[in-house]
Amino acid sequence: DAGVTQSPTHLIKTRGQHVTLRCSPISGHKSVSWYQQVLGQGPQFIFQYYEKEERGRGNFPDRFSARQFPNYSSELNVNALLLGDSALYLCASSLGSSQETQYFGPGTRLLVL
Amino acid sequence: GDSVTQMEGPVTLSEEAFLTINCTYTATGYPSLFWYVQYPGEGLQLLLKATKADDKGSNKGFEATYRKETTSFHLEKGSVQVSDSAVYFCALYSSASKIIFGSGTRLSIRP
C-alpha cells in the first residue's frame, strides 16, 4: 500500500505570493494533520482535519488555511508568503481524529525568496 | 502547555559505541511518548512509542522507557551503526490531538 504522498516535492515562491500544498493520506485513514518544520527545528502543528472538518489549529496566522476533501485528501494554503514561511511542510495521516500514531509523508520543501 | 526538551546536538559517536539521547517532557496527565527518526532527505518515521508509565518501546535495537517519576523518555542503543546517522525527535501526543516535538538531535556515526 502507498504511504502518505505529498506534492509538489519542492517549490520556490516570492514574497507576497500564494501557495497550495497537497496531501493524500494512507488508504483508509480519515484524518490529516499538517506540520511546519523550519530548518534545524522540530515540526510545529498547524492543522488537523477529520471528516472534512477542522479539529485542531496551531498557533499560526490566518494566512494559513486548509481543507479536506470527500476522498480525505487535503490542501494547505498559505497567502501573502513571507520569507519566514520557508520550511518543510509535512502532512501526516491517521485512522481517526484521536489516533495517536500518525504516519508522515516526505514533505514539501518551500523556499520563499 | 505541553512541551518536550531533548538533548542538544550534534552527537558524534564511533561505530559500535553506546548511544543515549536524553528527553524530558512537561504535560498534563500521562501522554503517549514517541521517538521519530528523520534520515537524510527523507520524511519522519516512527521509531518507537510507549503509551503508559513503565512501558518500554523498542525497535531496530533502540529502546526507551516511559518514566513518569522523572518525566523522561531517553533513547538508548547498545551498539550504533553508520546507518543510524539521522536526526532523532522525541515527541508526545497531547490532549489536543496533536503531536508536540522536541527540537531534534542530529546523530553522526563514524566508521
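Everything below is about the structure shown above.
Just so you know, the residues in each chain are numbered from 1, in the order the chain's sequence is written. As a convention, the first chain written is A and the first ligand written is 1, with the rest following in written order. Since the coordinates come from a predicted model, pLDDT governs what is reported: local features require at least 70, and pairs of side-chain atoms require 80 or more to be given and counted, while whole-chain, interface and lining totals use all residues. Hydrogens are left out, water is left out, and the side-chain values use all remaining heavy atoms of the structure.

Enquirer: What is the right way to read the sheet that holds strand β3 (residues 19–24) of chain A from this model?
Expert: Neighbouring strands of a sheet are bound in pairs by backbone hydrogen bonds; such pairs are parallel or else antiparallel. Residue and element names in this part refer to chain A. Here a strand pair is declared whenever DSSP counts at least two bridges between the two strands. Numbering of helices and strands starts at the N terminus; helices are DSSP runs of H or I of at least 4 residues and strands are runs of E of at least 2. Here we have four strands laid out as an open sheet, ordered β1-β3-β8-β7, and antiparallel in their pairing. Either end of the sheet is taken by a strand with one partner, and the two such strands are β1 (5–7) and β7 (64–68). Between one strand axis and the next, the sheet turns by 15° as a mean value, whatever way the strands run. Examined bridge by bridge, β7 and strand β8 (residues 74–78) share five bridges and lie antiparallel to one another. Within β8, the position partnered with S65 by the bridge is N77. Lines are fitted to the C-alpha atoms to define the axes, a helix being fitted only along its stretch in contact, and any angle between axes, read from their N-to-C directions, falls within 0 to 180 degrees.

Enquirer: Before we go on, may I ask you to explain the environment of F45 of chain A in this structure?
Expert: Summarising the element assignment, F45 of chain A is placed in strand β5 (residues 44–50). Relative accessibility under 20% of the residue-type maximum defines a buried residue, over 50% an exposed one, and the middle range a partly exposed one, all with a 1.4 Å probe and only protein chains included. Take F45 of chain A: its relative accessible area is 7%, and that puts it in the buried class. Taking the C-alpha atoms as reference, F45 of chain A lies 8.0 Å from N59 of chain A; in sequence the two are 14 residues apart. For F45 of chain A, the residues in contact, after removing those within four places along its chain, are S33, W34, Y35, G56, R57, G58, N59 and F60 of chain A together with K98 and I99 of chain B. The contact definition used throughout considers only heavy atoms, calling two residues in contact when any of these lie within 4.5 Å.

Enquirer: Explain the interface of chain A and chain B to me, please; I cannot follow it from the model alone.
Expert: Often the size quoted for an interface is simply the accessible area lost on bringing the parts together. Each side of the interface is counted separately: chain A has 19 residues, and chain B has 17 residues. Nitrogen and oxygen atoms within 3.5 Å of one another constitute a polar contact, given that in protein one can donate a hydrogen and the other can accept it, and given that sequence-neighbouring residues count only through two side-chain atoms. Connecting chain A to chain B are four residue pairs in polar contact (both at pLDDT 80 or more). Those elements that place two or more of their residues in the side of chain A that touches chain B are β4 (31–37), β5 and β9 (87–94) of chain A. Considered class by class, the residues forming the side of chain A that touches chain B number seven nonpolar, 11 polar and one charged. Under the scheme applied here, ten amino acids are nonpolar (Ala, Val, Leu, Ile, Met, Phe, Trp, Tyr, Cys and Pro), four are charged (Asp, Glu, Lys and Arg), and all others, including Gly, are polar.

Enquirer: For this particular structure, what's the right way to read unusual backbone geometry?
Expert: Most of the time, phi is negative for any residue but glycine, and the peptide bond is trans. With an omega dihedral of -10°, the bond running from S7 of chain A to P8 of chain A counts as a cis peptide bond. Here P8 of chain A is to be found in the loop between β1 and β2 (10–13). Backbone torsion omega between G9 of chain B and P10 of chain B reads -5°, so that peptide bond is classified as cis. Here the phi dihedral of Y72 of chain A falls at roughly 75°; this positive angle occurs in a residue that is not glycine. Following the sequence through the fold, Y72 of chain A ends up in the loop between β7 and β8. Relative accessible area serves as the criterion here: at 22%, Y72 of chain A is assigned to the partly exposed category. If you check the backbone angles, D54 of chain B has positive phi at about 75° while not being a glycine.

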